[in-house]
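Chain and residue survey
Residues per chain, in single letters:
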Amino acid sequence: MKKLLIIFLGMALFACKTTPPVATPIAQPDTIEVAIAPTPIVPPPSIEYRPYRAARTMKHDLRHTKLEVKFDWEKQHVLGKATLVLQPHFYPQSQLILDAKGFEIHSLKLIAGSTTKDLIYENDGQHLHIELDRTYNQEERYFVQIDYTAKPNELEAGGSAAITSDKGLYFINPTGSEVNKPQQIWTQGETEASSCWFPTIDSPNQRTTQEIFITVQEHFKTLSNGDLIYARSNGNGTRTDYWKMEQPHAPYLFMMAVGEFAVVKEQWEGKDVAYYVEPEYEQYAEDIFGNTPEMIAYFSEILDYPYPWSKYAQVVVRDYVSGAMENTTASVFMEALQVDDRYLLDDDWDGIIAHELLHQWFGDLVTCESWSNLTLNEAFATYAEYLWAEHRFGKDEADYKGYEEQQSYLAEAKEKQVDLIRFYYDDKEDMFDSHSYAKGGRILHMLRKLVGDEAFFTSLSVYLKDNAYQSVEVHHLRLAFEKVTGQDLNWFFNQWFLNAGHPVLNVTKSYESDSLYITVSQDQDLNQAPLYQLPVPIEIWSNGKREEHTIKIDQQEQQFAFHAPSRPDFVVFDSESQLLGEITFERSKGELAQQFRHSTQAMVRINALESLLADSVADDELVKLLSESLNDKFWGIRQVGANVFEGYEGEFFEQVATDLQQMARNDTKSAVRADAITTLSSFENSNDYQDIYKEAMSAQSYSVAGAGLTAYLQTNALDKEKVLSQYENEENINLVLPLADYYALEKVLNKYDWFTNQLEAGQGELLYYLVNYFGQYLLNMDPDLQIKGAEYLQQVGINNPTYYVRFSAFQALSLLEEVPGIEEMRQRVKAEEKDPRLLEVYQQMP
């Protein structure tokens, strides 16, 4: 599962075969270690008691699931028949409990050959408590058949920031009344929502093979797990598609998608690789997803485990409740992936595509036994984004991705620090956080650096082969690494997977008598986090030459001595940018400048820039060095340089402005071009660059064109109205929001219809911001238009399927406090809300 998190007002609402570059295993340092102080005795941490979240007890094994489904679009019901094959796991059983949320049961029978027998059951709305006809022993299989109606749309709303709803199955535009939206049905099973549309044992430690017969109108296409065995016309305008999954997988990975999709197919090693998109995007499907076969080849190669399933499909759906989901053989993606060739000049979706693809091994083939072990799914999928970036673009790009992941975790760590493997939590949805994803991914990277590439990927292969089609806990992973390396790795897994927090290091250095001394103290709260063992690579640079060492930090305070005939030019601590933690290391401006100019690694140079930027840009020496960043080989450094000069007026202005103009016109990275344009527009003489802005406005890149348009609208140009009219039919966020901002700020009349047309066509992040701009626009309109607009916002606040868009509408209504009836509208939006996250926020508002 790829999280989709949108933050508002403080509320957290991824073919050639390649061998990866080889990392050298960490060696013992050629240093003299001086222990400064013994580790003090620390009082035991306080314990907050929460219920222990055990893996579900396996009373029965679900062996096979056969589903026959059709749909009542008007009522948004699933009309289903489920035939389940089960047997006791070990102990004899006379009762079966199935998860079945909100079902109407028409019949429930035991099937024995050609005979059937009604079974006694109780339906409590969440489970079916079934009395079997007798006691069954471990080796005895039995068949239960259930005729039912599932009503997922009538279930009480739930969800999390990562998965915003838990209804399991969704009817999109069921009546066909929304003109800009296709009719679709799709499912989302994680965590335990498959039981909203079929009866099952909805637990990640179950494994079942699968058949599903989907009956739909002839014009729809369907997608499900496994292979399409046949598509049979029923002669009444409907068709039944039969999908079969012969390998066992967890019930939460079952999926269906129904819609008028265009299907584009490629192959990898004779297996279909298919992309399901809306027909409008068929011509772009290979541009969006086309690296998938190479990804499959790459992951199969490094894992020494060929892609384990019979096909791989990827489908884009409307109004999805997350970023993406790794259903076995068929991943589902949010509609944001439906983009055109202009968008792909700015960015791609390879990260999320790689994320869901690696889940086919880590999550689907080998699955966490309980949600407490979720990181065994999500850490690997997150690290897939790093691995693909490294394979495709090199180490600098991958390390930059790793840096972003680390910042994501550290931001969350300011609010909470919990164990990565978490047996105590309030709700299973709490597990979908930056600990399970970002922190987990960075821990895997540290493990890779610890044991070396060959051992790392060999261990992963052993882990997969030893545990294929099974559920696992974290110790299975540790044992695989110990089996390969011969090392006892309890210390690593204990401190990183089974403890909360991260190291907080204070590093100092001194030079005396031909020796360099590096002192490291661990300053994390030892009541909340462990005292870490940390192998850390360092570099000592003297006279333009680099020495590499590795130190092992395992005490609260330690000093390391290195022979150095002369005072080093600079020292790089954590030279591989691998350590997850907070590091304070004071260095002079001169040392940081040399680190920036001489290091060969992008993240080490970025670290130097960030440290230097703690000082004022008015420092001319700093400005001179920063101006060098505008021509750096790594785009991330050029981008930092472009942004830092916003509003600059100092001594080096002419050179900086010249470099920025060059970047704005010619940089190979569109994001850097866009930021250079934005910085030019911040200068006092911004009107002097109108030609650059107009040139950018005609760029194919949306981000460059949007930056140019935004900058041009801030100038004294006299043809703004003509320019604006040329962009009113655009739908990309980079081109829509500059118009919305201008119309609201300048109080431009007669743009009500433009706003509502854009709101009807918009989606996701664009819609969130656009709703707010619409509220600002209405502030300056006549009273009748304000009332009309407020009523429109009220409907968005009640009916939009996306919770953060509904909240944006509520906020926009709050801007219109003087409009008659506005308070009643706000209260109506609050009263109609069912999402627990918004209800919590609304309860804190008047």
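Residues numbered from 1 in each chain as written. Predicted model: local features only at pLDDT ≥ 70, side-chain atom pairs only at ≥ 80, totals over all residues. Heavy atoms only, no water.

Secondary structure summary: the protein chain contains 26 helices and 30 strands in total. On C-alpha atoms alone, the protein chain measures out to a radius of gyration of 29 Å, which is about the 28 Å that the 2.2 N^0.38 rule sets for 846 residues. With the C-alpha coordinates aligned to their principal axes, the bounding extent of the protein chain is approximately 90 × 75 × 55 Å. For the protein chain, the proportion of its 846 residues judged to be buried stands at 58%. Surface summary for the protein chain: the accessible area is close to 35,000 Å², and the carbon and sulfur share equals 46%. A distance of 5 Å separates the average location of the 71 positive side-chain charges in the protein chain from that of its 129 negative side-chain charges. (Helix = DSSP H or I, 4+ residues; strand = E, 2+ residues; numbered from the N terminus. Rg over C-alpha atoms; globule rule 2.2 N^0.38 Å. Buried < 20%, exposed > 50% of the residue type's maximum accessible area, 1.4 Å probe, protein only. Areas by Shrake-Rupley, 256 points an atom, 1.4 Å probe, with all protein chains shown as cover. Lys, Arg positive; Asp, Glu negative; His and termini not counted. Charge placed at Lys NZ, Arg CZ, Asp CG, Glu CD.)

Strand order in this open sheet of three strands is β27-β26-β29, and the pairing throughout is antiparallel. Strands at the two margins of the open sheet, each flanked by one partner only, are β27 (545-553) and β29 (570-573). In this sheet, adjacent strand axes meet at a mean angle of 20° when their direction is disregarded. Two strands pair when backbone bridges link them, and strand β26 (residues 534-542) and β29 are joined in this way by four bridges, in the antiparallel orientation. Pairing of Trp541 across the sheet is with Phe570, part of β29. (Pairing = 2+ DSSP bridges. Axes fitted to C-alpha atoms, helices over the stretch in contact; angles between N-to-C directions.)

This next bit is on the packing of helix α16 (residues 670-680) against helix α18 (residues 702-712). Two numbers describe how α16 lies on α18: the axes approach to 8 Å, and their chain directions differ by 5°. In terms of orientation, α16 lies roughly parallel with respect to α18. Here Ser670, Ala671, Arg673, Ala674, Ile677 and Thr678 of α16 come into contact with α18, specifically with Ser703, Val704, Ala707, Gly708 and Ala711. Its residues assigned to classes, the contact of α16 with α18 shows six nonpolar, four polar and one charged. (Parallel < 35°, antiparallel > 145°, perpendicular 65-115°, else oblique. Contact = heavy atoms within 4.5 Å. Nonpolar A, V, L, I, M, F, W, Y, C, P; charged D, E, K, R; others polar.)

Next up on the list: the nonpolar core. Among the nonpolar cores identified, the biggest contains 265 residues, and Phe71, Tyr148, Phe299, Leu303, Trp361, Phe497 and Phe573 are the most heavily contacted of them. Contact partners of Leu303, with chain neighbours within four places excluded, come to Leu358, Trp361, Phe362, Leu460, Ser461 and Leu464. (Core = buried A, V, L, I, M, F, W, Y, C linked by side-chain atoms within 4.5 Å.)

We now examine helix α14 (residues 635-644). One turn of the α-helix equals 3.6 residues, which is why residues spaced by three or four share an orientation. Counting buried positions along α14 yields seven of 10 residues, so the element is predominantly enclosed. Along its buried surface, α14 packs onto α6 (395-413), α11 (589-598), α12 (602-612), α13 (620-629), α15 (653-666) and α16.

Here the focus is the sheet that holds strand β12 (residues 208-217). Across the sheet, which stays open at both edges, the eight strands sit in the order β6-β5-β9-β3-β2-β12-β15-β14 with mixed pairing between neighbours. Since the sheet does not close on itself, it has two edges, and those belong to β6 (115-118) and β14 (227-233), each with one partner. Across this sheet, the average inter-strand angle for adjacent strands is 20°, counted without regard to direction. Where β14 lies against strand β15 (residues 238-249), six bridges are found, and the strand directions are antiparallel. Within β15, the residue paired with Arg232 across the bridge is Thr240.

With a probe scaled to a water molecule rolled over the atoms, the places where space remains empty come into view. If you add up the space inside the largest cavity, you get close to 90 Å³. Forming the boundary of the largest cavity are 12 residues, of which Met446, Phe492, Trp496, Pro535 and Gln578 lie nearest the centre. Sorting the residues of the lining of the largest cavity by element identifies α7 (435-451), α10 (490-496) and β26 as the ones contributing at least two each. No other element matches the four residues that α10 contributes to the lining of the largest cavity. Broken down by class, the residue content of the lining of the largest cavity amounts to nine nonpolar, three polar and no charged. (1 Å grid on protein atoms, 1.4 Å probe; cavity = no way out; pocket = protein on both sides within 12 Å on 5 of 7 lines; lining within 4 Å. Points joined across faces, edges and corners; volume = space filled by probe spheres on them.)

Here we come to the confidence of the model for the protein chain. On average, residues of the protein chain carry a pLDDT of 93, and 94% of them reach 70 or more. Here residues 4-43 is modelled with pLDDT under 50, and outside its nearest four sequence neighbours on either side it reaches 117 contacts, counting other chains as well. (pLDDT = per-residue confidence, 0-100.)

Estimated volume of the second largest pocket: approximately 950 Å³. Ile583, Arg587, Asn607, Glu610 and Ser611 are, among the 36 residues lining the second largest pocket, the residues nearest its centre. Elements that contribute at least two residues to the lining of the second largest pocket include exactly α6, β29, β30 (582-585), α11 and α12. The element best represented in the lining of the second largest pocket is α6, accounting for eight residues. Residues belonging to the lining of the second largest pocket are distributed by class as follows: 14 nonpolar, 12 polar and 10 charged.

In this section: the packing of aromatic side chains. Across all of its chains, the model carries 59 aromatic pairs by this definition. Each ring, one from Tyr307 and one from Tyr312, has its centre 5.9 Å from the other, and the planes form 65°; the classification is edge-to-face. With a centroid separation of 5.8 Å and 85° between ring planes, the pair formed by Trp491 and Phe492 is classed as edge-to-face. In textbook terms, an aromatic cluster arises when at least three aromatic residues are bridged by ring pairs, as seen for Tyr742, Tyr743, Tyr752, Trp754, Phe755, Phe774, Tyr777 and Tyr792. Between Arg232 and the ring centre of Tyr230, over which it is positioned, the NZ or CZ distance is 3.8 Å. (Phe/Tyr/Trp six-rings, centres within 6.5 Å; stacked < 30°, edge-to-face > 60°. Lys NZ or Arg CZ within 6 Å of the ring centre and 35° of its normal.)

As a further point, take the pattern of salt bridges. Tallying each qualifying case throughout the model produces 39 salt bridges. With a shortest N-O distance of 3.6 Å, Lys395 and Glu576 are connected by a salt bridge. With Lys395 in helix α6 and Glu576 in the loop between β29 and β30, this residue pair connects regions lying 181 residues apart in the sequence. A residue is classified by how much of its surface remains accessible, and Lys395, at 28% relative accessible area, is partly exposed. (Salt bridge = Lys/Arg side-chain N within 4 Å of Asp/Glu carboxyl O.)

So, about the state of the cysteines. A full pass over the atoms with the stated rule returns zero disulfides. Free cysteine Cys196: the closest other cysteine sulfur is in Cys368, separated by 18 Å. (Disulfide = S-S within 2.5 Å.)

Secondary-structure assignment places Thr367 in strand β22 (residues 366-368). Of the residues examined, Thr367 reaches a relative accessible area of 0% and is grouped as buried. There is a polar contact of 2.7 Å between the side chain of Thr367 and the backbone oxygen of Gly363. The residues contacting Thr367, other than those within four sequence positions of it, are Pro204, Arg207, Tyr252, Asn377, Gln470, Ser471 and Val472. (Polar contact = N/O pair within 3.5 Å; in protein donor to acceptor, adjacent residues only side chain to side chain.)

Here we come to α18. Of all 11 residues that make up α18, 10 are buried, and the element is covered over most of its length. Among the structural elements, α3 (343-346), α16, α17 (690-697), α19 (720-725) and α20 (733-745) are those in contact with the buried residues of α18.

As a further point, take the side chain of Glu326. Note on placement: Glu326 falls in the loop between β20 (324-325) and β21 (330-333). Judged by its relative accessible area of 0%, Glu326 falls in the buried class. If we ignore the near neighbours within four places in the chain, the residues touching Glu326 are Met1, Glu190, Leu253, Ser331, Glu356, His359, Gln360, Asp364 and Glu378.

What follows deals with the pairing of strand β2 (residues 60-72). One ladder, built from 12 bridges, connects β2 with strand β3 (residues 77-88); its direction is antiparallel. Note on β3: the bridge partner recorded for Thr65 is Leu84. If you look at the hairpin formed by β2 and β3, you'll find four residues sitting between the two strands, and Gln76 has a positive phi there, around 60°. Where β2 meets β12, six bridges bridge the pair, whose relative direction is parallel. Across the sheet, Thr65 pairs through a bridge with Gln210, a residue of β12.

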